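If you want the building blocks of each chain, they are given just below.
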Amino acid sequence: MTLIAVPGWLESILPMIFVGFAGFLILAIGMKVDSGKAFSSITFVALALSLVSVVWQSYDPVAGSLVTFNPFNAYFAAILIISSLFVTFPALRNLTERRDIFYSLLLFVTLGMLVASFTMNLVVMFVAFEAVSIGTYVMAGFHKTRRALEASAKYFFTGAVSTGFIVIGLSYYFQATGTFDLTAVTIVSRIPLLTALAFLIIGFGFKLAIFPMHQWAIDTYDGSENSVSALLSTGSKILAFMIMLKLFVVGFPLLGQSVFIFFTILAILTMTYGNISALSETRLKRLLAYSSVAQAGYMILVFSAVAYAQYNGMSAGYIQFIVAAGMLYSLIYIFMKGGAFLALNSIGKENPGLEDISGMGTRSPALALSFTVLLLALAGIPLTGGFTAKAWLFLSLINVKLWWLAVIAILNSAISVFYYFRVISYMYRKEPLSGVIISTEKSVIVPVALAAAIVVALGIYFYVIYFILPFVGFLVGG
Amino acid sequence: MFLAFIFGLLFAISLVTFLTGRYSSRFAMAGSVLILVLVAGYLLEVMQGYSGGITGKYSYPLNAEYQIFFSVGINGFTGPLLLAAAIVFPLSIYISLKEKYDGKFYGLMMLAETGLFGVLISRDMILFYIFWEFVLVPVFFLILMYGGEGRNSVALKFFVYTHIGSALILLAIFSLYAYYFSVYGIYTMQMSALTQPSFVSQIPLFWELFIVAGLMIGFLVKLPVFPFHAWLPDSYDVAPYPVTVAIAGGLSLMGGYGLFGIMLGLKSLFPALVLWILVGISIVSLIYFALTAMFQTSIKRMMAYASAGSMGFVLLAFAAGIMEESGVEYNLVLSGGMFQILAHAIIISLLFVNIFFIKLKAGTDTLGGLGGIYREAPVLSTIMLGGLLASLGLPGLAGFIGEFSILGGSFQAIGYLIFFVIFSMIITASYHIWMAQRTLYGPYNEHLGGIRDLSRPEMAVLGAVLILILVLGVFPSPLFSLFSSYAGGII
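Residues numbered from 1 in each chain as written. Chains lettered and ligands numbered in written order. Predicted model: local features only at pLDDT ≥ 70, side-chain atom pairs only at ≥ 80, totals over all residues. Heavy atoms only, no water.

Right, let's talk about the overall build of chain A for a bit. Broken down by element type, chain A carries 18 helices and 0 strands. What you see for chain A is a C-alpha radius of gyration of 21 Å, in line with the 23 Å of a compact globule of 478 residues. Across its three principal directions, the C-alpha atoms of chain A cover 65 × 55 × 40 Å. Within chain A, the proportion of its 478 residues that are buried is 65%. Counted over contacts in chain A with a minimum sequence separation of 6, partners at least 24 positions apart contribute 83%. Carbon and sulfur atoms make up 71% of the accessible area of chain A, which amounts to about 15400 Å² in all. When the 25 basic and 17 acidic side-chain charges of chain A are each reduced to a single mean position, those positions are 5 Å apart. (Helix = DSSP H or I, 4+ residues; strand = E, 2+ residues; numbered from the N terminus. Rg over C-alpha atoms; globule rule 2.2 N^0.38 Å. Buried < 20%, exposed > 50% of the residue type's maximum accessible area, 1.4 Å probe, protein only. Contact = heavy atoms within 4.5 Å. Areas by Shrake-Rupley, 256 points an atom, 1.4 Å probe, with all protein chains shown as cover. Lys, Arg positive; Asp, Glu negative; His and termini not counted. Charge placed at Lys NZ, Arg CZ, Asp CG, Glu CD.)

Helix and strand content of chain B: 20 helices and 2 strands. Since a compact globule built from 491 residues should have a radius of gyration of about 23 Å, the 22 Å found for chain B is in line with a globular shape. On the principal axes, the C-alpha backbone points of chain B span a range of 75 × 55 × 45 Å. Residue burial in chain B is summarised as follows: out of 491 residues, 66% are buried. Taking the contacts inside chain B whose residues are at least 6 apart along the sequence as the reference set, 81% of them involve residues at least 24 apart. Taken as a whole, chain B presents about 16100 Å² of accessible surface, with 68% of it coming from carbon and sulfur. Separation between the mean location of the 19 positive side-chain charges and that of the 20 negative ones in chain B comes to 11 Å.

On to the environment of A:Val249. Residues and elements named next belong to chain A. Mapped onto the elements, Val-249 comes out in helix 9 (residues 226–250). By relative accessible area, which is 6% here, Val-249 ends up buried. For the pair formed by Val-249 and Ile-300, sequence separation is 51 residues and the distance between their alpha carbons is 12 Å. In this structure, Val-249 is in contact with Met-244, Val-306, Gln-310, Val-323, Leu-475 and Val-476, ignoring residues within four places of it in sequence.

The biggest cluster of nonpolar side chains holds 405 residues, and the ones touching the most others in it are A:Leu245, A:Val323, A:Trp392, B:Phe260 and B:Phe318. It is helix 15 (residues 328–362) of chain B that contributes the most residues to this core, 21 residues altogether. In contact with A:Trp392, other than residues within four places in its own chain, are A:Phe321, A:Ala325, A:Leu328, A:Phe462, A:Tyr463, A:Ile465, A:Tyr466 and B:Tyr177. (Core = buried A, V, L, I, M, F, W, Y, C linked by side-chain atoms within 4.5 Å.)

With that settled, the discussion passes to the pairing of strand 2 (residues 68–75) of chain B. A regular strand carries its side chains on alternate faces of the sheet. Residue and element names in this part refer to chain B. Judged by how many residues are buried, strand 2 sits mostly within the fold: 6 of 8 residues are covered. By the bridge criterion, 7 bridges tie strand 1 (residues 54–63) to strand 2 in an arrangement that is antiparallel. Bridged to Ser-59 within strand 2 is Ser-71. Following strand 1, the chain reverses through 4 residues before pairing antiparallel with strand 2; Gln-67 in that reversal takes a positive phi of roughly 60 degrees. (Pairing = 2+ DSSP bridges.)

If you walk through the whole model with that rule in mind, you get 16 salt bridges over all chains. A salt bridge links B:Arg375 to B:Glu376, with the shortest nitrogen-to-oxygen separation between them at 3.2 Å. One continuous salt-bridge network, built from bridges that share partners, spans A:Arg147, A:Glu150, A:Lys154, A:Asp219, A:Asp222, A:Glu281 and A:Arg286. (Salt bridge = Lys/Arg side-chain N within 4 Å of Asp/Glu carboxyl O.)

Residue and element names in this part refer to chain B. A contiguous nonpolar patch, built from Phe-411, Tyr-416, Phe-419, Ile-422 and Ile-426 and spanning about 550 Å² of accessible area, is present on the exposed surface. Looking at which element gives the most residues to the nonpolar patch, the answer is helix 18 (residues 418–439), with 3 residues. With respect to the helices and strands, the residue Phe-411 is situated in helix 17 (residues 398–414). (Patch = residues over 30% accessible without salt bridge, like charges linked within 9 Å, V, L, I, M, F, W, Y side chains within 5 Å.)

Moving on, we come to the interface of chain A and chain B. Counting residues at the interface gives 35 residues for chain A and 36 residues for chain B. Surface buried jointly by chain A and chain B totals about 3500 Å² across both partners, of which 80% is contributed by carbon and sulfur atoms. At the junction of chain A with chain B, the criterion picks out 0 salt bridges. At the boundary of chain A and chain B, one finds 2 residue pairs in polar contact (both at pLDDT 80 or more). Taken together, the elements giving at least two residues each to the side of chain A that touches chain B come down to helix 14 (365–379), helix 15 (385–399), helix 16 (403–427) and helix 18 (465–472) of chain A. With 13 residues, the single largest contributor to the side of chain A that touches chain B is helix 16 of chain A. Per-class residue counts for the side of chain A that touches chain B are 26 nonpolar, 4 polar and 5 charged. (Buried area = accessible area lost by both parts, 1.4 Å probe. Polar contact = N/O pair within 3.5 Å; in protein donor to acceptor, adjacent residues only side chain to side chain. Nonpolar A, V, L, I, M, F, W, Y, C, P; charged D, E, K, R; others polar.)

Take the packing of aromatic side chains next. Two descriptors summarise a pair of aromatic rings, namely the distance from one centre to the other and the angle between the planes of the rings. Summed over the entire model, instances satisfying the criterion amount to 90 aromatic pairs over all chains. Ring plane angle 20 degrees and centroid distance 6.0 Å describe the contact between A:Phe321 and B:Tyr187, whose orientation is recorded as stacked. In this pair, A:Phe321 sits in helix 12 (residues 316–343) while B:Tyr187 sits in the loop between helix 7 (151–184) and helix 8 (191–194), so the two residues belong to two different chains. An identical accessibility class is assigned to A:Phe321 and B:Tyr187; each is buried. Both rings, one in B:Tyr101 and one in B:Tyr146, keep their centres 5.7 Å apart while their planes meet at 80 degrees; by these two values the pair is edge-to-face. Of this pair, B:Tyr101 sits in the loop between helix 3 (78–96) and helix 4 (103–121) while B:Tyr146 sits in helix 6 (residues 136–146), placing them 45 residues apart in sequence. Residue classification places B:Tyr101 among the buried residues on the basis of a relative accessible area of 19%. The buried category is assigned to B:Tyr146, whose relative accessible area is 16%. Taken together, the ring pairs connect B:Phe77, B:Phe128, B:Trp132, B:Phe219, B:Tyr257, B:Phe260, B:Phe270, B:Phe318, B:Phe339, B:Phe480, B:Phe483 and B:Tyr486 into an aromatic cluster. (Phe/Tyr/Trp six-rings, centres within 6.5 Å; stacked < 30°, edge-to-face > 60°.)

Mean pLDDT for chain B: 88, with 100% of residues reaching 70 or above. Complex prediction metrics read pTM 0.89 and ipTM 0.84. (pLDDT = per-residue confidence, 0-100.)

All names here are of chain A. Within the element layout of this structure, Ser-236 appears in helix 9. Of the residues examined, Ser-236 reaches a relative accessible area of 4% and is grouped as buried. Those residues in contact with Ser-236, other than ones at most four positions away along the chain, are Met-113, Tyr-155, Lys-207 and Leu-231.

Looking now at unusual backbone geometry. The peptide bond linking B:Leu223 to B:Pro224 adopts the cis configuration, its omega dihedral lying at -15 degrees. Mapping B:Pro224 onto the fold places it in the loop between helix 10 (205–222) and helix 11 (231–238). For A:Lys144, which is not a glycine, the phi torsion comes out positive at approximately 55 degrees. With respect to the helices, strands and loops of the structure, A:Lys144 is situated in the loop between helix 5 (122–140) and helix 6 (146–177).

This is how it looks when you write it as structure tokens:
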């Protein structure tokens, strides 16, 4: 179905045009006026239009090697736009100066995400990825508090190192395959390919915050403003996940076993480390940061399972199922994690601890209920989207006979219940333990409640994965 | 169809209860009684001439292409359990009227009942699991928000403990699902498909053990039996009385349902060694809980252990029944186990309701603080005594039927190990009697001041439950034949 009568090539890049144009528009307006409301509204409209044009496209095959427009890519593009949409209005709350810059940055970051989504070429992907990174370095330190600047600096330095790793990995990859186009890979030489694998896992692993490369994430999510943390832990992370999905599912076809071993070790370490560290954490943002490390661990189980299925010669149907589980996880993850970070906006204190949300249950029941739903989802309790996501992921592991990995994952998930429920139990304490103000403004509650509602809807419609499954065919041929 | 309607109605009632504000208590009471009436009527209708298998099955296709159904149904076992659940919840809501609770409390209670109904009627494995896990959430909040001292940590312990058990159940369900696909090339979560003998017998040994271990650990945590029981005494103790009644009477059905409703269909998966281990666990927990109960100072905690103790019988019946494979003993011991689950739910609810009234009227529920309350409150004491006698298995009351059938049926399978079971029954009987003697009879503890006896309406409600126990005790055959035809249908 075509929305507007435009030529095919224009229709395909329409989402990016909306976002990019709005970014420059805000910069231009910002020279004359400084109105947060106007900027956020323009951003919101542009993102919404972009989302609409992503979803309602016909996706006729467009010739060209640099960009690929297909439903699989569009799915991730939509997710990434949603993650930006979610922080658009909440970000306004703590912005005091140069709001035009912040919102144009947000739009340019989204533009980078879109470009990275709609390509199967590694160089284009890398450039877009860097565009996103640079934008988010600035956003992390935008509020110029001491903590935010420290967070931004840490993020920047580790980000720079990871860029180096990615570049080296790309060079080796080219040496091994003779191409940057992931869909046209023919392996020439194995040793450089293995080297490329190691470098690329480390490089992109930094952004996904998997175990040995995660420490920046804890400090950065902790130090940045809440909506920036939300964007970093959803959009930026899912972007890295998507790139890895394309890279390791399509780009390393004959390396099944090495990929499997690498990722299995990383996944186990990441989940376990994230969950165990979160157990003793009493600062809320750090707790959520550790939980998002653990969630990254669940996500990279996808790669283990795909690689295992590949080198055991299982049919493409299995691999498609696993990838679909990963895609579903990404979708649900942005709502539960983004919403959880945004819920912290209500606490009138920087760096809140567990005791600061005590009494939220009585002071702001709607917010407490929504936050509770999101935490339940992160813990994977049925009738929330978190259960849907985890259940299909674990099921796909069992499906390829990786039962022991599923046991480890599910025990991890059971451990995680402990710290999420600790937060909930603080929330519903009868007597507040500290005098921190808990805001009941609509602007805080609405995004969180919306996220919670979507999470519940995705939990009730348990079989949503069968809706996603057809998209995978565009990544992994069946 | 009507079953799905009852379930939907219950869910709607529980959601509306949250919004009814100060009318919520009356609304929840009326709603739960309405559900009781509907369930009872429905069962009378469909259970006529029941002869094994599933009745009242209703499937709504969610996705025809992938064979996904929202399917519900009951059988000769889950039907009576549904009735027991429908009896327990109005009872617990009734006693909550004596204290001040808000709309959230009643909403959560009704939500717990919804989840429990969902567990019992689901005929789709994933639906079953979703409700199984979902029940924990309202109960967690009930303990967290309304519990006594130490509620934060106890609520957490309750949830984490049972959640770990549930997680293993999920893995086992997935293994069944994945293996069914690799055998037949069809994805299905239908319970009837996943537990059909021709499929179950094809599962290779490793996956067999994996599935059995996952499901059994999950169900044994919920039941609970000896090494998995740590959540139980604290939760029963810290939860407010209405919630204790709901957990002890309602949620305890779930573990038993897991064994007899699901595992029985997979009985060919059990190696002999595992069955002997189960027998061992059940005997250890029978004795362990009886001995532990003896040393409790609070009657609430003592009854919590008594409740766990009766679950040892359930597990024994289950293991012994599978060992028998078929024949008269098979039917007898399995039906006895199912009867025990049902009788336990009603008896333990009556006991906790009674203890609640003792606490309400006398102001304490410790053994030392009470004494001789028969003098002041004869009706309350008599009903309490009735409950205790039923709980220790006095002939003529409901508790006896189950225990006797289990003893009689399992002798052939487990031989002289039965002496340990009888030994535990003696201990159980002695601490029940001893407790009655210390609290209800003997010299009156003058520190208590005057105690008011039960009022007329209270008398009527409690008396009705006691009469139900008596009726089940002297006239068990309708239920017994239902259970027996259900067990016979499994072979």
